[in-house]
Amino acid sequence: MAVELVLRSTSVITPGGTRAASVAVAAGKITAVLAHDAEVPAGARLEDFGDDVLLPGLVDTHVHVNDPGRTEWEGFWTATRAAAAGGITTILDMPLNSLPPTTTVDHLRIKQDVARTKAHVDVGFWGGALPDNVKDLRPLHDAGVYGFKCFLSPSGVEEFPQLDQERLATSLAEITGFGGLLIVHAEDPHHLESAPQNPGPKYADFLASRPRDAENTAIQNLIDQARRMNARVHVLHLSSSDALPLIAAAKAEGVRITVESCPHFLTLTAEEVPDGATEFKCCPPIREAANQDLLWDALADGTIDCVVSDHSPSTADLKTGDFATAWGGISSLQLGLPAIWTEARRRGRTLEDVVRWMSAAPAALAGLDAKGAIEAGRDADFAVLAPDETFTVDPAELHHRNQVTAYAGKTLYGVVKSTWLRGTRIADHGTPTEPTGRLLERQN
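None of the values given here were measured: they were computed from a predicted structure.

## A look at empty space enclosed by the protein
Reasoning step 1: Taken as a whole and assessed by the stated rule, the structure comprises two cavities of 30 Å³ or more.
Reasoning step 2: Of the volumes computed, that of the largest cavity is approximately 70 Å³.
Reasoning step 3: Taken together, Leu58, Val59, Asp60, Ile88, Val307, Val308, Ser309, Leu333, Gly336, Leu337 and Met358 form the lining of the largest cavity.
Reasoning step 4: Within the residue set of the lining of the largest cavity, elements represented by two or more residues are β6 (58-63) and α11 (336-346).
Reasoning step 5: Among the elements that take part in the lining of the largest cavity, β6 stands out by supplying three residues, more than any other.
Reasoning step 6: Taken together, the residues of the lining of the largest cavity break down into eight nonpolar, two polar and one charged.
Reasoning step 7: Its volume calculated, the second largest cavity comes out at about 50 Å³.
Reasoning step 8: As for the second largest cavity, its lining consists of Glu279, Ser312, Pro313, Ser314, Lys319, Gly329, Ile330, Ser331, Val404, Thr405 and Ala406.
Reasoning step 9: Residue composition of the lining of the second largest cavity, grouped by class: four nonpolar, five polar and two charged.

## Quick look at the layout of surface pockets
Unfilled space is identified by rolling a water-sized probe across the atoms.
Reasoning step 1: Estimated volume of the largest pocket: approximately 700 Å³.
Reasoning step 2: Residue assignment for the lining of the largest pocket shows that the elements contributing at least two residues are β10 (148-151), α5 (189-194) and α6 (203-209).
Reasoning step 3: Along the lines of polarity and charge, the residues of the lining of the largest pocket split into 14 nonpolar, 15 polar and seven charged.
Reasoning step 4: Estimates place the volume of the second largest pocket at around 320 Å³.
Reasoning step 5: Ala85, Gln334, Phe391, Glu397 and Gly430 are, among the 18 residues lining the second largest pocket, the residues nearest its centre.
Reasoning step 6: Residue assignment for the lining of the second largest pocket shows that the elements contributing at least two residues are β15 (382-392) and β16 (411-421).
Reasoning step 7: It is β16 that contributes the most residues to the lining of the second largest pocket, three residues altogether.
Reasoning step 8: Partitioned by chemical class, the residues of the lining of the second largest pocket number eight nonpolar, eight polar and two charged.

## A short note on the side chain of glutamine 334
Reasoning step 1: Among the secondary structure elements, glutamine 334 is positioned in the loop between β14 (306-307) and α11.
Reasoning step 2: Residue contacts for glutamine 334: discarding those within four places in its chain leaves Ala82, Ala85, Gly86, Glu397, Leu398, His399 and His400.

## What about unusual backbone geometry?
Reasoning step 1: Cis geometry marks the peptide bond from leucine 99 to proline 100; its omega dihedral reads 5°.
Reasoning step 2: With respect to the helices, strands and loops of the structure, proline 100 is situated in the loop between β7 (88-93) and α2 (105-115).
Reasoning step 3: Its identity is not glycine, yet asparagine 230 carries a phi of approximately 55°, on the positive side.
Reasoning step 4: Within the secondary structure, asparagine 230 sits in the loop between α7 (212-229) and β12 (232-235).

## Quick word on the pairing of β12
Reasoning step 1: Relative to β12, strand β11 (residues 181-185) runs parallel, the two being bridged by four bridges. Bridge pairing in β12 places leucine 181 opposite arginine 232.
Reasoning step 2: Two strands pair when backbone bridges link them, and β12 and strand β13 (residues 256-261) are joined in this way by four bridges, in the parallel orientation. Bridge pairing in β13 places arginine 232 opposite arginine 256.
Reasoning step 3: Read as a crossover between parallel neighbours, the route from β12 over helix α8 (residues 244-252) to β13 is right-handed.

## A closer look at the sheet that holds β13
Reasoning step 1: Read from one edge of the open sheet, six strands run β9-β10-β11-β12-β13-β14, paired in parallel fashion. Looking at which strands have only one partner, the edges of the open sheet turn out to be β9 (127-128) and β14.
Reasoning step 2: In this structure, β9 lies alongside β10, joined through two bridges in parallel fashion. Across the sheet, residue glycine 128 finds its bridge partner in β10, namely lysine 149.

## With respect to the packing of aromatic side chains
Reasoning step 1: According to the stated counting rule, one finds nine aromatic pairs in the structure shown.
Reasoning step 2: Ring centres of tyrosine 203 and phenylalanine 323 lie 5.3 Å apart, and the angle between their planes is 70°; on these two criteria the pair is classed as edge-to-face. Here tyrosine 203 is found in helix α6, whereas its partner phenylalanine 323 is found in the loop between β14 and α11, with 120 residues between them in sequence.
Reasoning step 3: In this structure phenylalanine 323 comes out as buried when scored by relative accessible area, which is 1%.
Reasoning step 4: Every member of this aromatic cluster is reached through a ring pair, and the members are Tyr203, Phe206 and Phe323.
Reasoning step 5: The aromatic ring of tyrosine 413 is capped on one face by arginine 345, whose charged end is 3.8 Å from the ring centroid.

## A look at helix α10 (residues 289-301)
Reasoning step 1: Here α10 spans 19 Å end to end across 13 residues, near enough to the 18 Å set by a 1.5 Å rise per residue.
Reasoning step 2: Three or more residues of α10 are buried, namely Asn291, Gln292, Leu295, Trp296, Ala298 and Leu299. Looking down the long axis of α10, one finds its buried residues gathered within 160° of arc, a one-sided arrangement. In α10, those exposed residues whose orientation departs by more than 90 degrees from the buried face are Ala290 and Asp301.
Reasoning step 3: One or two positions beyond α10, positive phi appears at glycine 302, with a value near 90°.

## Brief notes about the pairing of β15
Successive residues of a regular strand alternate their side chains across the two faces of the sheet.
Reasoning step 1: Inspection of the sheet shows strand β5 (residues 53-56) paired to β15 by four bridges, in the antiparallel sense. Within β15, the position partnered with proline 56 by the bridge is phenylalanine 382.
Reasoning step 2: Relative to β16, β15 is paired through eight bridges, and the arrangement is antiparallel. Bridged to threonine 392 within β16 is threonine 411.

Analysis parameters
Residues numbered from 1 in each chain as written. Predicted model: local features only at pLDDT ≥ 70, side-chain atom pairs only at ≥ 80, totals over all residues. Heavy atoms only, no water. 1 Å grid on protein atoms, 1.4 Å probe; cavity = no way out; pocket = protein on both sides within 12 Å on 5 of 7 lines; lining within 4 Å. Points joined across faces, edges and corners; volume = space filled by probe spheres on them. Helix = DSSP H or I, 4+ residues; strand = E, 2+ residues; numbered from the N terminus. Nonpolar A, V, L, I, M, F, W, Y, C, P; charged D, E, K, R; others polar. Contact = heavy atoms within 4.5 Å. Pairing = 2+ DSSP bridges. Right-handed = clockwise from strand over helix to strand, strands pointing away. Phe/Tyr/Trp six-rings, centres within 6.5 Å; stacked < 30°, edge-to-face > 60°. Buried < 20%, exposed > 50% of the residue type's maximum accessible area, 1.4 Å probe, protein only. Lys NZ or Arg CZ within 6 Å of the ring centre and 35° of its normal. Expected span 1.5 Å × (residues − 1). Arc of directions from axis to C-beta.

What follows is the structure, encoded as structure tokens:
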């Protein structure tokens, strides 16, 4: 294939390290990573980014789009515009908060039909595991979902009930039988029920209502089930550092478990949350600074595999001043890269680390073999980042539907100059172009 495009930078992040390079693109694929001064083939267009960093497009495997059914909360058009503006080129949509939830093949097709013409980035889908849909899991797998999400405690929406331990075992056995992946919201309902419940505006009261023990117990139970069945499981949005030794030990003995955390757990702390500021509410909750330090240590040593947004938006009116009744979810799809980079650089970590956590590892989790790296044969998906430039978060400049964010007013490092999907620029200085994203289905 004739090279159509060459992207050049003095800092290109590849699996082999960061170097000055020119990246050749043909038919939406990377064909070669060449020397910085390589001759541009006849007929090819050159895009020279100077000293701005060229990195692989981010992969966010934890996004609640809510479309159809709750599109006043979020929709595919707005969510994927926010993703593109933030350097994300692929998202996987969670199965709940839309109506209907993605728990049957028919429901998957409804969601795909809605997304098809609205996607500014590539979009894949998770299925849902409910107490009564075991019969639907294999058909959903065959239809191309990337795995199955379940809750071990109430999800917050009545159409997506949680699994008790018996039903967890039943669903996990079915999914393991066809080689699938179960991704788990791991909080134990019994610990939540016995925790103090003091509604009102005080963040300390909300934090006490979601104790670390709820996460720790649920994760231990999940490890036990995965060990017994040789099942593949993934812990969603880890916030409790107390669970890290359990996870590290399980990995060391060969239990097939992976773990994610999120920008809000890694950049925000309980100590800074003002009372009544429910834009900071999520479940599990943002915990203390000392807890956060241990999460960063676990990222560094590989106990935590990846960082994804858990973008879970709602309308502003649902963010009431009472932490007990406010909707729990943090909107950060457009801000994850600069938020993590700001904290990573403060802690002495590199952009290569950020790329591993936010692109390569999420792509590997979902089996997205064409994503997650700048190397020959992969999709020509890129973000161009000015890592030393800063900006102050203005909610009015965010593209997700409701401009509510816990990052309002924060100054962050890392300005996304442009985002590219299969060799086409899909966002330029924060402004997305027309949608060119594709719907993805699991291939292996």
